[in-house]
Amino acid sequence: SQTIHQWPATLVQPVGSPLSLECTVEGTSNPNLYWYRQAAGRGLQLLFYSVGIGQISSEVPQNLSASRPQDRQFILSSKKLLLSDSGFYLCAWSRSTGYGYTFGSGTRLTVV
Amino acid sequence: AQSVTQLDSHVSVSEGTPVLLRCNYSSSYSPSLFWYVQHPNKGLQLLLKYTSAATLVKGINGFEAEFKKSETSFHLTKPSAHMSDAAEYFCVVSRPSGGSYIPTFGRGTSLIVHP
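The notes below deal with the structure included here.

Cut-offs applied
Residues numbered from 1 in each chain as written. Chains lettered and ligands numbered in written order. Predicted model: local features only at pLDDT ≥ 70, side-chain atom pairs only at ≥ 80, totals over all residues. Heavy atoms only, no water. Helix = DSSP H or I, 4+ residues; strand = E, 2+ residues; numbered from the N terminus. Rg over C-alpha atoms; globule rule 2.2 N^0.38 Å. Contact = heavy atoms within 4.5 Å. Areas by Shrake-Rupley, 256 points an atom, 1.4 Å probe, with all protein chains shown as cover. Lys, Arg positive; Asp, Glu negative; His and termini not counted. Charge placed at Lys NZ, Arg CZ, Asp CG, Glu CD. Buried < 20%, exposed > 50% of the residue type's maximum accessible area, 1.4 Å probe, protein only. Pairing = 2+ DSSP bridges. Salt bridge = Lys/Arg side-chain N within 4 Å of Asp/Glu carboxyl O. Disulfide = S-S within 2.5 Å. Core = buried A, V, L, I, M, F, W, Y, C linked by side-chain atoms within 4.5 Å.

Overview of the overall build of chain B
Part 1: A count of helical and extended segments in chain B gives zero helices and 12 strands.
Part 2: Ordered by position from N to C terminus, the α and β elements of chain B give β-β-β-β-β-β-β-β-β-β-β-β.
Part 3: Taking 115 residues into account, the globule formula puts the C-alpha radius of gyration at 13 Å, and chain B, at 14 Å, falls close to it.
Part 4: If you line up chain B on its principal axes, its C-alpha atoms span 45 × 30 × 20 Å.
Part 5: In chain B, of all internal contacts separated by at least 6 residues, the share reaching a separation of at least 24 is 56%.
Part 6: Total accessible area computed for chain B in this model is approximately 5,500 Å², and 52% of it derives from carbon and sulfur atoms.
Part 7: If the 9 positive side-chain charges of chain B are averaged to one point and the 7 negative ones to another, these points end up 9 Å apart.

Rendered as structure tokens:
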């Protein structure tokens, strides 16, 4: 069966520090991968998606970047965090058919 | 272009009474539609999905939704609410883009269940 792992679960970082959140998928190959951010009291905002290794599409220009160094690994990064980067970050995967998305358990990021 | 509108930010019901969470969508394509549930500080769990098969879709935990093309709606219902149903619910429409299918989320509906 397929599983998705996301870590860390919680993170407190000072303004201006770097960020690296990692997401890995097991039990499938060539998944579509997604990073979402959920700010307090809001819905989910799609940040990046990837259909293959090295292929990253950005939905919203911002302080963050994403990379896909391996087929089942998706990394969300920032060189310098802003206060506005605080939120709940969710990684997800789907098959190329798009029939359903499976989410990781999320990372609660607080920038102080 | 596509969008999804969840008509209520909060819905409050008593335990044992019916639940109705409303969702309207717009899409340039034949849409795939989903409902997800999120409990506090947790990831999202798929409740059910519509992918152009039967218009009445049954999901987990007694939830179901009906796709009505003429009304561009995909409302989520449950005959009898349980306390454990209290959570945030998201309606999602999916569109094809660049070799993938990109989901667009509604802003969510918070379901409150009173004893």
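So, the pairing of strand β9 (residues 87-94) of chain A
Residues and elements named next belong to chain A.
Part 1: Burial analysis of β9 places eight of its eight residues in the buried class, the great majority of the element.
Part 2: When strand β4 (residues 32-38) meets β9, the two strands line up antiparallel, connected through seven bridges. In the strand pairing of β9, Arg37 is matched with Tyr89.
Part 3: Relative to strand β11 (residues 107-111), β9 is paired through three bridges, and the arrangement is antiparallel.

Describing the pattern of salt bridges
Part 1: Here the structure, examined in full by the defined rule, presents five salt bridges over all chains.
Part 2: A salt bridge links A:Arg37 to A:Asp85, with the nearest nitrogen and oxygen atoms 3.7 Å apart. A residue pair is termed long-range when its members are at least 10 positions apart, and A:Arg37 in strand β4 and A:Asp85 in the loop between β8 (73-78) and β9 qualify at 48 residues. Across the pair, exposure class does not vary: A:Arg37 and A:Asp85 are buried alike.
Part 3: Notably, a salt bridge pairs B:Lys78 with B:Asp85, separated by 2.8 Å at the nearest N-O pair.

Looking at the state of the cysteines
Residue and element names in this part refer to chain A.
Part 1: The final tally for this structure, using the stated rule, is two disulfides over all chains.
Part 2: Residue Cys23 pairs covalently with Cys91 via a disulfide, S to S 1.9 Å. With the S-S dihedral at roughly -75°, the linkage between Cys23 and Cys91 falls on the left-handed side. Here Cys23 is found in strand β3 (residues 19-26), whereas its partner Cys91 is found in strand β9, with 68 residues between them in sequence. Neither Cys23 nor Cys91 differs from the other in exposure class; each is buried.

Regarding the nonpolar core
Across soluble globular proteins, nonpolar side chains have a tendency to be buried as a group.
Residue and element names in this part refer to chain B.
Part 1: The biggest cluster of nonpolar side chains holds 26 residues, and the ones touching the most others in it are Trp35, Leu48, Leu76 and Tyr89.
Part 2: In terms of residue count, strand β10 (residues 87-97) provides more of this core than any other element does, four residues in total.
Part 3: Ignoring anything within four residues of it in the chain, the contact list for Leu76 reads Val19, Leu20, Leu21, Trp35, Leu47, Leu48, Phe63, Glu64, Ala65 and Tyr89.

Some details on the pairing of strand β8 (residues 64-68) of chain B
Residue and element names in this part refer to chain B.
Part 1: Of the two faces of β8, the one holding Ala65 and Phe67 is buried and the one holding Glu64, Glu66 and Lys68 is not buried anywhere.
Part 2: The turn joining strand β7 (residues 56-58) and β8, which pair antiparallel and follow one another in sequence, is formed by five residues; a positive phi near 60° is taken by Asn61.
Part 3: Note: β8 against strand β9 (residues 73-78), five bridges, orientation antiparallel. Paired with Phe67 across the two strands is Phe74, which belongs to β9.

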